[in-house]
Amino acid sequence: MPVKRQKWSKDFGEWFREVLINAGIMDYRYPIKGSGVWMPYGFKIRRNVLQTLRYLLDATGHQETLFPLLIPETALAQESAHVKSFEGECFWVTHGGFEPLKVRYALRPTSETAIAPMLKLWIRSHADLPLKLYQVVNVFRHETKATRPILRMREVATFKEAHTSHATFEEAEEQVKEALEIYKRFFDLLGVPYCVSRRPEWDKFAGALYTIAFDMLCPDGKTLQIGTVHNLGQNFSKAFDITYETKDGRQEHIWTTSYGISGRGIAAVLIVHGDDHGIVLPPIIAPIQVAIVPVPYKGKEEPINKACRDVACKLEEIPCKVALDLRGDLTPGNKFYYWELRGVPIRIEIGPRDLEKGEVTVVRRDTLKKKTWKMKDVTSAVQKLAEEMTFDLVRNASKWMKERVYRVDSLEEAKRLLAKKAGIVEVPWCGKDECGHRLEEEVEARLLGTPEDTEEKIEGKCLVCGEKAVNIVRVALAY
Ligand code: P5A
Ligand code: ZN
């Protein structure tokens, strides 16, 4: 486990804010509330995370596109549930220069209604289906809840949204399953533990038949929704009259799904693995995987620097992303601190003693434990350590989350756990909306929904009405 996680767990909000700025990830001081700047180092992390998701989407037949940012109000308003939920959250463009526009434009809050009119033009027959598109864009939502860097933005700068079209309900259902698998794989690769829950009726995406969400647990005991998958049924295709010709010549409305992950998918990695020293990056997304720091000794500066350069060259051949830190104005201690804050997975130090013995000193970022290696073995040792670290990060993060999921069968116990922000509480539920709402009020927390990641037989009685439970429902304090 990480060395120290006091600040991380006690004051998570502040820890996160500080780390974002100090590690050069996001500067949130932009003069518009809810907008932030992805700084160079953060941008590189973001790019690596995006690459992981792009790879998974491309490999499963999704095609990347780019739709316009502006949506005419007439299009946004076409699906009634959708517009009801989103119109109060839109930023509106009302003028072109000094001229008022005849039809206002919304800055896309999501792109269902930007894509639908084009699907109507593109989809003619069953041969055009399935059509699986995605894009990585900014979306804008005038959030009224407290904004937080990356976690709740008004300009959501890294929105990865997929939109798929299908010939039948069954195919859309299959697509939902594929999307869940893709997102599971994505978060597994990043070592982010999650639970997957079917949201209650009152918390589904506006215009969806149902919503399945990924939630992670933050150090302060609150959950964060890090991705959602929606089966949209024929709601959008009927609203936009998108039809296709079936094999036997009939016209049918298409079936659609959409799913998305925002910058929260990047924040999640920083949050789950972090500690009081800063962030800890899994090697797969680290912009720098190894930092090499000379520990100079009077008169031996040059041979030590040369040894550092040699090790860097060897590692770059693996290939491995290396930073050779020969800055003359910083002490080794300052450099250690600098790379730890930025989450570089492995640090190699070379001092006079190491040089004499033909060794290097190695520190892994997650445990901060030191080891020595023979200089000649450095490439194989780095590869092995990167694998070990990846494995340990996943295992420790999963263990941390599992220990904070509680199964209880009394309302008192659920209340007690949630009051002390212990984590996610699972209770038996009869499935009635009415009891769900009552439960939320009683425990003063949110229903995440029913598990989509377990298939167990349910026993017990609904904590609210006492009738036989038909499902488990998860409850938590949520961001
Ligand atoms: C699915 C993609 C949609 O918008 N349309 C296209 C669907 N779903 S959603 O649930 O509304 O959003 C997807 C995910 O985006 C994250 N998210 C946010 N992240 C940062 N700041 C925000 N203001 C914000 N709003 C939503 C959530 O993780 C959500 O699951
Ligand atoms: Zn009940």
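Just so we're clear, the structure is a prediction, and the values are computed from it rather than from any experiment.

A.B. asks: Before we go on, may I ask you to explain the packing of aromatic side chains in this structure?
C.D. replies: Given two aromatic rings, their pairing is described by the distance between the two centres and the angle made by the two planes. Summed over all chains, the structure comprises 15 aromatic pairs. Relative to Tyr259, the ring of Tyr183 lies with its centre 5.9 Å away and its plane at 80 degrees, an arrangement referred to as edge-to-face. Separated by 76 residues along the polypeptide, Tyr183 in helix H7 (residues 169–190) and Tyr259 in strand S14 (residues 255–261) bring together distant segments of the chain. According to the relative accessible area criterion, Tyr183 is buried, its value standing at 1%.

A.B. asks: Any chance you could explain the site of ligand 1 here in plain terms?
C.D. replies: Surveying the vicinity of ligand 1 reveals 23 residues, the closest of which are Glu112, Met153, Gln225, Thr228 and Ser262. Take Glu143: an N or O atom from its side chain is 2.8 Å from a nitrogen atom of ligand 1. Interatomic distance of 2.8 Å between a side-chain N/O atom of Ser262 and a nitrogen atom of ligand 1. Summarising the interface, the protein chains cover 95% of the accessible area of ligand 1, which totals 590 Å² for the free molecule. Only strand S8 (155–166), strand S11 (222–233) and S14 provide two or more residues apiece to the shell around ligand 1. Per-element tally for the shell around ligand 1: the top contributor is S11, with five residues. Grouping the constituent residues of the shell around ligand 1 by class yields eight nonpolar, nine polar and six charged.

A.B. asks: I'm lost on the coordination of the zinc ion (ligand 2) in this one. Help?
C.D. replies: Reference values for angles at a metal are 109.5 degrees in the four-donor tetrahedral case and 90 or 180 degrees in the six-donor octahedral case. In the first shell of the zinc ion (ligand 2), the protein supplies Cys430 (SG), Cys435 (SG), Cys462 (SG) and Cys465 (SG), at 2.2 to 2.4 Å from the metal. Considering all four donor atoms around the zinc ion (ligand 2), the spread of angles at the metal, 105 to 116 degrees, places the coordination shape in the tetrahedral class. Binding-site remark: the zinc ion (ligand 2) is held by donors from one chain whose sequence spacing is C-x4-C-x26-C-x2-C. Taken together, the residues Cys430 in the loop between strand S21 (424–429) and helix H15 (433–443) and Cys462 in the loop between strand S22 (446–451) and strand S23 (471–478) connect sequence positions 32 residues apart. Residues Cys430 and Cys462 agree in their burial class; the two are buried.

A.B. asks: Teacher, can you tell me more about helix H9 (residues 264–273) here?
C.D. replies: An α-helix turns once per 3.6 residues; consequently, residues spaced three or four apart project the same way. The buried count for H9 comes to 10 of 10 residues, which makes it a mostly enclosed element. Residues of H9 that are buried: Arg264, Gly265, Ile266, Ala267, Ala268, Val269, Leu270, Ile271, Val272 and His273.

The rules behind the values
- The residue count restarts for each chain, going from 1 along the sequence in the order it is written.
- Naming scheme: in the order in which they are written, chains are lettered from A and ligands are numbered from 1.
- With the structure being a predicted model, the display of local features is reserved for residues of pLDDT at least 70 and the display and counting of side-chain atom pairs for 80 or more, all residues being used for whole-chain, interface and lining totals.
- With hydrogens and water set aside, each side-chain value is computed from the structure's full complement of heavy atoms.
- The rule is short: rings of Phe, Tyr and Trp, with Trp giving its six-membered ring, pair when the centres are within 6.5 Å, and they are stacked under 30 degrees, edge-to-face over 60, tilted in between.
- Under the DSSP-based scheme used, a helix requires at least four consecutive residues in state H or I and a strand at least two consecutive residues in state E, with every element numbered from the N terminus.
- The classification of residues rests on relative accessible area computed with a 1.4 Å probe and restricted to protein chains. Under 20% of the type maximum is buried, over 50% is exposed, and intermediate values are partly exposed.
- The nearness test applies per residue and asks whether one of its heavy atoms lies within 4 Å of the molecule or strand.
- Any pair of nitrogen or oxygen atoms within 3.5 Å is treated as a polar contact; in protein, a donor-acceptor pairing is required on top of that, and neighbouring residues in sequence qualify only through side-chain atoms on both sides.
- In short, Shrake-Rupley with a 1.4 Å probe defines the accessible areas, and a residue's cover is counted only from the protein chains shown.
- Gly is put with the polar residues, along with every residue not named as nonpolar or charged; the nonpolar set is Ala, Val, Leu, Ile, Met, Phe, Trp, Tyr, Cys and Pro, and the charged set is Asp, Glu, Lys and Arg.
- Each metal's donors comprise the N, O and S atoms found within 2.8 Å of it (within 3.2 Å for Na, K or Ca). Water is not part of the atom list, so some coordination spheres may appear incomplete.
- Geometry is assigned from donor-metal-donor angles: four donors are tetrahedral when every angle falls between 85 and 135 degrees, four are square planar and six octahedral when opposite donors sit over 155 degrees apart with all other angles between 65 and 115, and any other arrangement is irregular.

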